[in-house]
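What follows is the residue order along each chain.
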Amino acid sequence: MSGRAPADFDAIVVGAGFAGLYMLHRLRGLGLRARVFEAGDGVGGTWYWNRYPGARCDIESLEYSYQFDAELQQEWHWSERYAPQAEILRYIEHVADRFDLRRDVQLSTRVTAAHFDDASGLWSVETGSADGSAERERHTARFCIMATGCLSATNVPDFPGLESFRGDTWHTGRWPHEGVDLEGRRVAVIGTGSSAVQSIPFFAEQAEQLTVFQRTPTYSIPAHNAPLDPELEREVKADYAGFRARAAALAFGANFPPNETLALDVSAEERERVYETRWEAGGLGFVTAFGDLLRDRGANETAGEFVRGKIRSIVHDPEVAEKLLPSQVLGCKRLCVDTGYYDTFNRDNVHLVDVSASPIEAITPRGVRAGGREHEVDAIVFATGFDAMTGALARIDIRGSGGRPLADKWAAGPLTYLGLSTAGFPNLFVITGPGSPSVLANMVPAIEQHVDWIADCLAHLGEHGLSRIEALPEAETAWVEHTNAVAQETLFPFCNSWYLGANVPGKPRVFMPYIGYPTYVAKCEEVAAKGYEGFALG
Ligand code: NAP
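A brief structural summary.

**Quick word on empty space enclosed by the protein**
- Summed over all chains, the structure comprises four cavities of 30 Å³ or more.
- Counted as a void, the largest cavity has a volume near 80 Å³.
- Lining of the largest cavity is provided by Pro 414, Thr 416, Pro 434, Gly 435, Trp 479, Val 480, Thr 483, Asn 484, Val 510, Phe 511 and Met 512.
- Along the lines of polarity and charge, the residues of the lining of the largest cavity split into seven nonpolar, four polar and no charged.
- Roughly 50 Å³ of internal volume is contained in the second largest cavity.
- Each residue belonging to the lining of the second largest cavity can be placed in one class, and the counts come to seven nonpolar, two polar and one charged.

Put into structure tokens, the structure is as follows:
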């Protein structure tokens, strides 16, 4: 690349999860000098931090893995249909070792700032130790690549009195590595999203009393997890590339083929039969039971009513069952996938507190006060989710050309071109950023697609003697409008979901992921084929 000012690295990558590690591998393949900074004491990102009991993937393991290396995908054996957290972390560690990635990953190092310098054309990245104890350091690089994850910045609501609580508190996304002993303890769980749905059955087994504070009841579909079927594994491995290609044409992978039939075009009996089949199959495929579930409210309501019927049949106490019934659009918050969630509310030691009408008022020294009543507990689990998609970026002081803070540019919501790049921030890339399918696709293939696109782009710059790439404002505006328009055609904007930023008070309400993975991939390929249309190269 021409006009290169001396820099410590060609590229700095922030984060050593699935995205950062594969990015490093590709950068090395291009002969570029790269350094990955990672706040955790180990690699793995999401799967390093989320160690709460019951944590596992909601995408089937044969699909939730890298495909960039044929031997890797042949040799790795998943033990279960849905891999547990520990096994996914082992897999990521195996990849780090197998491709000798660790020597360029600096652990326990938090990136606090990244500033673009117009004069040198370099990014200056400031790091400190993860606990803030060590001196800050600065490192320069031509390219800065954010592999910071969509669900990595934890969200603990600002409950009055939080600091006064005398017992233990944990967030599911920062679970202690040594584990937690709940034996004989009274435990509160706040939240009923995916993390809560997975962990509550385990907490209920251990704790003396478990009190669940529910603001919005959730739709959860049984996982029907089981040891991985060896016959299925053989079949997939006999043509893994074909399996991946089929998966890429769908949102959630090859095992979730959508049914194009419209729910309201068939009889009630036929709908019931299809829902029952999907419920028995288990998992996220429930939401693609019919082609109109996320587009037509009436159709969606039939699916919602089916799940409500299941909840009524599983939960013995009609009052508890009633409280657990979700009423929002099914699937517009991410569907949960569970093992024994609703059934857990049949246990004598499990209590459900509905805080939808009377919110949690305070955390007291002895527990949680809601609806004028203090619930005494010894420990509180915050299963309260994440400042999703933009939170990890917002926690870094990112400044682009002219010193403009990203926080200012994104004050009314994230603005990106393809979710990969943002105008005014040259040579900055975001892997699975807002405006890309990310969380509405299978994350690992979505990450690989982004990493490959970025790597190919850097190769293109190198081949053409170029050193700078930046999204054009008009391309960005058009992309943001298109992303919004696509979302408006669906039922996704109708819930207070983290897709919309609605779970974090004060966060702009903007639908962040791009809906439609195959269309998105085609667009990225077209942009590259047209010489990076919509970008200024120099
Ligand atoms: P989440 O889906 O955002 O759920 C957070 C929960 O906390 C919600 O029930 C929310 O209620 C509640 N909450 C937040 N603030 C509250 C407050 N002030 N008072 C009372 N309740 C409050 O977070 P998550 O469960 O960690 O899951 C986040 C995402 O991570 C998932 O959607 C999924 O994409 C991913 N994930 C995946 C898996 C998996 O693969 N199986 C597992 C865990 C997480 P409201 O709904 O009313 O806001």
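Next comes the rest of the description.
**As for the site of the ligand**
- Around the ligand, 23 residues are found, and the nearest of them are Thr 192, Ser 195, Gln 198, Thr 216 and Lys 333.
- At 2.4 Å, a side-chain N or O of Thr 216 approaches an oxygen atom of the ligand.
- Its free accessible area being 900 Å², the ligand has 88% of it covered by the protein chains.
- Residue contributions to the shell around the ligand peak at three residues, all from helix H5 (residues 194-206).
- Partitioning the shell around the ligand into residue classes produces nine nonpolar, nine polar and five charged.

**Thoughts on the sheet that holds strand S14 (residues 367-370)**
- In space, the three strands of this open sheet follow the order S13-S14-S15, with antiparallel pairing throughout. Of all strands in the sheet, those bounded by a partner on one side alone are strand S13 (360-364) and strand S15 (373-376). Strand-to-strand twist across the sheet, computed as the mean angle between neighbouring axes with direction ignored, equals 25°.
- Alignment of S13 against S14, held across four bridges, turns out to be antiparallel. Within S14, the residue paired with Thr 364 across the bridge is Gly 367.

**Structural notes on the pattern of salt bridges**
- Under the defined criterion, the tally for this structure stands at 35 salt bridges.
- Here Arg 308 and Glu 301 are joined by a salt bridge, their closest N and O atoms 2.5 Å apart.
- Of the residues examined, Arg 308 reaches a relative accessible area of 7% and is grouped as buried.
- Through salt bridges with shared partners, a single network forms among Arg 186, Arg 366, Glu 374, Glu 376 and Asp 378.

**Re the sheet that holds strand S9 (residues 209-214)**
- Sheet architecture is open: five strands sit in the order S7-S16-S8-S9-S12, paired in parallel fashion. Each edge of the sheet is formed by a strand with only one pairing partner; in this case those strands are strand S7 (168-171) and strand S12 (350-354). Strand-to-strand twist in this sheet, taken as the mean axis angle between neighbours without regard to direction, amounts to 20°.
- Sheet topology note: the strand S8 (residues 186-190)/S9 ladder contains five bridges and is parallel. Each bridged residue has a counterpart across the sheet, and for Ile 190 the counterpart in S9 is Phe 213.

**As for the packing of aromatic side chains**
- Within this structure, the stated rule accounts for 37 aromatic pairs.
- The interplanar angle of 40° and the centroid separation of 6.2 Å between the aromatic rings of Phe 18 and Tyr 91 together place this pair among those described as tilted. Residue Phe 18 is found in helix H1 (residues 18-29), and its partner Tyr 91 is found in helix H4 (residues 85-98); the two are separated by 73 residues along the sequence.
- Assessed through its relative accessible area of 5%, Phe 18 is described here as buried.
- Judged by its relative accessible area of 1%, Tyr 91 is buried.
- Arranged with centres 5.5 Å apart and planes meeting at 55°, the rings of Phe 116 and Trp 123 form a pair that is tilted.
- Taken together, the aromatic side chains of Phe 18, Tyr 22, Trp 47, Tyr 64, Tyr 66, Phe 68, Trp 76, Trp 78, Tyr 91 and Phe 99 make up a single cluster linked through ring pairs.
- Cation over ring: Arg 51 sits above Tyr 48, and NZ or CZ is 4.8 Å from the ring centre.
- The ring of Trp 49 carries Arg 174 above its face, with NZ or CZ at 4.2 Å from the centroid.

**Quick look at the environment of Arg 26**
- With respect to the helices, strands and loops of the structure, Arg 26 is situated in helix H1.
- Separated by 42 residues in the primary sequence, Arg 26 and Phe 68 place their C-alpha atoms 9.9 Å from one another.
- Ignoring anything within four residues of it in the chain, the contact list for Arg 26 reads Val 451, Asp 452, Ala 455 and Asp 456.

**Section: the state of the cysteines**
- Inspection of the entire model under this criterion finds one disulfide.
- Residue pairing for Cys 332: its cysteine sulfur links by disulfide to Cys 495, the two sulfurs lying 1.7 Å apart. With the S-S bond torsion at 50°, the cross-link from Cys 332 to Cys 495 turns out right-handed. With a gap of 163 residues between them, Cys 332 in the loop between helix H10 (318-324) and strand S11 (336-338) and Cys 495 in the loop between helix H15 (473-488) and helix H16 (517-529) connect regions that are remote in the sequence. Comparing Cys 332 with Cys 495, the two get one shared label, buried.
- Cys 57 provides the cysteine sulfur closest to Cys 150, a residue in no disulfide bond, and the two sulfurs are 14 Å apart.
- Given a relative accessible area of 5%, Cys 150 falls into the buried group.
- Cysteine Cys 457 is unpaired, with the sulfur of Cys 524 as its nearest cysteine sulfur at 11 Å.
- The exposure class assigned to Cys 457 is buried, which follows from its relative accessible area of 1%.

**Looking at the side chain of Asn 300**
- Relative to the helices and strands, Asn 300 is located in helix H9 (residues 297-314).
- Within the structure, Asn 300 has its side chain in polar contact with the backbone nitrogen of Leu 330 (distance 2.7 Å).
- Not counting residues within four places of it along the chain, the set of residues in contact with Asn 300 comprises Leu 293, Leu 294, Val 329, Leu 330 and Leu 491.

**Examining the pairing of S13**
- Within S13, four of the five residues are buried, which leaves it mostly tucked inside the rest of the structure.
- The turn joining S13 and S14, which pair antiparallel and follow one another in sequence, is formed by two residues.

**Considerations on H15**
- Here H15 is 16 residues long and its end C-alpha atoms lie 22 Å apart, about the 22 Å a rise of 1.5 Å per residue gives.
- Turning to H15, its buried residues number three or more, namely Ala 475, Glu 476, Trp 479, Val 480, Thr 483, Val 486 and Ala 487. Buried residues in H15, looked at end-on, bunch into an arc of 135°, giving them a common side. Along H15, the residues that are exposed and aim more than 90 degrees away from the buried face are Glu 474, Glu 481 and Gln 488.

Rules of the game
Residues numbered from 1 in each chain as written. Predicted model: local features only at pLDDT ≥ 70, side-chain atom pairs only at ≥ 80, totals over all residues. Heavy atoms only, no water. 1 Å grid on protein atoms, 1.4 Å probe; cavity = no way out; pocket = protein on both sides within 12 Å on 5 of 7 lines; lining within 4 Å. Points joined across faces, edges and corners; volume = space filled by probe spheres on them. Nonpolar A, V, L, I, M, F, W, Y, C, P; charged D, E, K, R; others polar. Near = heavy atom within 4 Å. Polar contact = N/O pair within 3.5 Å; in protein donor to acceptor, adjacent residues only side chain to side chain. Areas by Shrake-Rupley, 256 points an atom, 1.4 Å probe, with all protein chains shown as cover. Helix = DSSP H or I, 4+ residues; strand = E, 2+ residues; numbered from the N terminus. Pairing = 2+ DSSP bridges. Axes fitted to C-alpha atoms, helices over the stretch in contact; angles between N-to-C directions. Salt bridge = Lys/Arg side-chain N within 4 Å of Asp/Glu carboxyl O. Buried < 20%, exposed > 50% of the residue type's maximum accessible area, 1.4 Å probe, protein only. Phe/Tyr/Trp six-rings, centres within 6.5 Å; stacked < 30°, edge-to-face > 60°. Lys NZ or Arg CZ within 6 Å of the ring centre and 35° of its normal. Contact = heavy atoms within 4.5 Å. Disulfide = S-S within 2.5 Å. Expected span 1.5 Å × (residues − 1). Arc of directions from axis to C-beta.

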